[in-house]
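One-letter residues, chain by chain:
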Amino acid sequence: MTFSDRFNAFREKYCLSIDALSEKTGIEKNMLLKLESGEAAPSEDMEKTIFACINCQDSSSSCMPKPDYSMQHGWESYAAEISVEYRQSIEEGKDIEKYEDLFASVSKMPSGSHKDRIADVLYEIVTKADTRCGYQYTEPDDLPSIRALRDRPEQENASVAPVGEALFDKIYGAWLGRIAGCMLGKTVEGIRTNELHPLLKESGNFPMHRYILSTDLTEEIVQKTKYPLKTRAYADAIDAMPVDDDTNYVVLAQVLIDKYGRDFTSDDVMHVWVDYQSKNAYCTAERVAYVNFVKGFRPPFSARYKNPYREWIGAQIRGDYFGYINPGNPEKAAEMAWRDASISHVKNGIYGEMFASAMIAQAAVEQDIEMILKAGLGEIPKTSRLHEAISEIISDYKKGMSREAAFAGIHARWNEHNSHDWCHTISNAEIVAASLLYGAGDFASSICMAVETGFDTDCNGATVGSILGMRNGAWSLDEKWTKPFNDLLDTSIFGIGRVKMSDMARKTISHIG
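Residues numbered from 1 in each chain as written. Predicted model: local features only at pLDDT ≥ 70, side-chain atom pairs only at ≥ 80, totals over all residues. Heavy atoms only, no water.

When its secondary structure is counted, the protein shows 27 helices and two strands. The C-alpha radius of gyration computed for the protein amounts to 25 Å, which stays within 12% of the reference 24 Å derived for 513 residues, consistent with globular compactness. For the C-alpha atoms alone, the extent of the protein along its principal axes is close to 85 × 55 × 45 Å. Sequence separation of 24 or more characterises 75% of the internal contacts of the protein that already satisfy a separation of 6 or more. Accessible surface, the protein as shown: approximately 21,500 Å² in total, 50% of it carbon and sulfur. (Helix = DSSP H or I, 4+ residues; strand = E, 2+ residues; numbered from the N terminus. Rg over C-alpha atoms; globule rule 2.2 N^0.38 Å. Contact = heavy atoms within 4.5 Å. Areas by Shrake-Rupley, 256 points an atom, 1.4 Å probe, with all protein chains shown as cover.)

We now examine the pattern of salt bridges. The tally for this structure, following the rule as stated, stands at 39 salt bridges. For R287, the salt bridge is made with E76, and the minimal N-O distance between the two is 2.6 Å. Taken together, the residues R287 in helix α14 (residues 284–294) and E76 in the loop between α4 (44–55) and α5 (82–91) connect sequence positions 211 residues apart. In this structure E76 comes out as partly exposed when scored by relative accessible area, which is 28%. Across the salt bridge formed by K259 and D275, the nearest N and O atoms sit 4.0 Å from each other. On the criterion of sequence distance, the pair formed by K259 in helix α12 (residues 245–260) and D275 in helix α13 (residues 266–276) is long-range, its members being 16 residues apart. By relative accessible area, D275 is classed as partly exposed at 43%. Each member of the salt-bridge network shares a partner with another, and the members are E85, E92, R310 and K347. (Salt bridge = Lys/Arg side-chain N within 4 Å of Asp/Glu carboxyl O. Buried < 20%, exposed > 50% of the residue type's maximum accessible area, 1.4 Å probe, protein only.)

Applying the stated criterion across every chain yields a total of 21 aromatic pairs. Summarising the aromatic geometry, the rings of Y86 and F103 are spaced 5.2 Å apart at their centres and angled 50° between planes, so their arrangement reads as tilted. Residue Y86 is found in helix α5, and its partner F103 is found in helix α6 (residues 100–107); the two are separated by 17 residues along the sequence. The class for Y86 is buried, based on a relative accessible area of 12%. Among the residues examined, F103 registers a relative accessible area of 1% and is labelled buried. Joined through ring pairs, the aromatic side chains of Y249, W273, Y282, Y290 and F293 make up one cluster. Against the face of F264 rests R339, its NZ or CZ located 4.5 Å from the ring centre. (Phe/Tyr/Trp six-rings, centres within 6.5 Å; stacked < 30°, edge-to-face > 60°. Lys NZ or Arg CZ within 6 Å of the ring centre and 35° of its normal.)

Residues other than glycine predominantly adopt negative phi, and peptide bonds predominantly adopt the trans conformation. Residue F206 is joined to P207 through a cis peptide bond whose omega torsion reads -5°. For the bond from P299 to P300, the omega torsion is 5°, close enough to zero to count as cis. A positive phi angle, close to 60°, is found at F455, a residue other than glycine.

Between its terminal C-alpha atoms α12 stretches 22 Å, which fits the 22 Å expected from 16 residues at 1.5 Å a residue. Within α12, twelve of the 16 residues are buried, leaving the element largely enclosed by the surrounding structure. Inspection of α12 places D246, T247, N248, Y249, V250, V251, L252, A253, Q254, V255, L256 and I257 among the buried residues, and these make up the whole buried set. Positive backbone phi, approximately 80°, marks G261, located one or two places after α12. (Expected span 1.5 Å × (residues − 1).)

Turning our attention to the environment of S278. Relative to the helices and strands, S278 resides in the loop between α13 and α14. Considering only alpha carbons, one finds S278 and I493, 215 residues apart in sequence, at a separation of 8.5 Å. The residues contacting S278, other than those within four sequence positions of it, are Y290 and F494.

Spatial relationships are all this shows, so hold off on functional conclusions.
Below you can see the structure in the form of structure tokens.
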């Protein structure tokens, strides 16, 4: 934070005018104005004088107390992400294009009460905005409307879920597959492909076919890569799967079912979130929802109130457990996913979790990858952007589009250097779908494709791994993917800590209806 930012924040907090501060410090008004604008930098003595004056202000002053904006995380400040709100609202079809310049100007304002107040006005504008003429998608949030717009695939015979050891093999495989895919992507979560691909090539891992190892990191590679490689977790330097939000959510869902049963409500999900994890365990849309809970906003309003991330990937990574406990029943898995997703997301953010959960449920009884994908699509509105995007991925694959062209197309449609694109439900769902199709059911090829493509690497690796772990079973997984974490998973969930995945799989079976 620059001196100018700190100066403005403290002066606003204590309601000190430039004139009053000049009188108290003996520093000329013109100099203070230059310090405020950043035109001039203070000497060490001048800085001490200014902040000594500010810090000794009488707390009983009639001025209303104001927050220290430097302490606010960007995810918790609607004003800080007002440009994301504009992009999100446009994609939802809101008629707000005439305000584009205003959104851009407000996004450039320094943090403070003025920016917050204007952002509140913009929130009211987008909330009340009409849908623009010609918008082609119909994307409801409520379950009856979602179901009314489905296009479910016909099934000749009812799916019969496995039992006994065959069921355990599927469920345990889903757990192991998710952990392995997550670990593969966790090492490079946040990297962009302009640095990821050279790293993989220089370490003999391109196309990707194994974990990235700490021994891959030569000093030359580390020095020329801006991404902080030395701070990451590596498969050859762990004795258990490290804590990750992608894996925490699966365990948290098990806690949810254990506590509230299969008929849990969205309010129950909210209570589990607040009771079992700290605020810092949640990111983007989930962080907004958590803060909204504390402020008294219950679902579904917790998802909608000042949440610019409402269609980001956060819900799509949370629904695996609902697929695990509904083998062969994608509709029930999607319904549970809807109850979960509705506390933090809307529209395609919700559909992403329903899509993933339904695919996992279907993978317990289906080998055909296209049919698994269509089972997921069959639980979301055919009139949605997500349905259209995944349908096009499938269509291009069936027409013979090459793997290289398919993934290049994803990169052409979505800019991995833009946070909204990088973390959106649809961009990452496209990667999941393409990885499943072009991987042709092979676990290693598919999770490696999902990670090698970039974007949200750990999330996509985990989702693909979960689906194919369920489809293929635990005993089909090569030991190179499972040995590094020794059947152990670390969580940051209160009262849970480290767990054995085989134990989690057995408990999962007890939750199957």
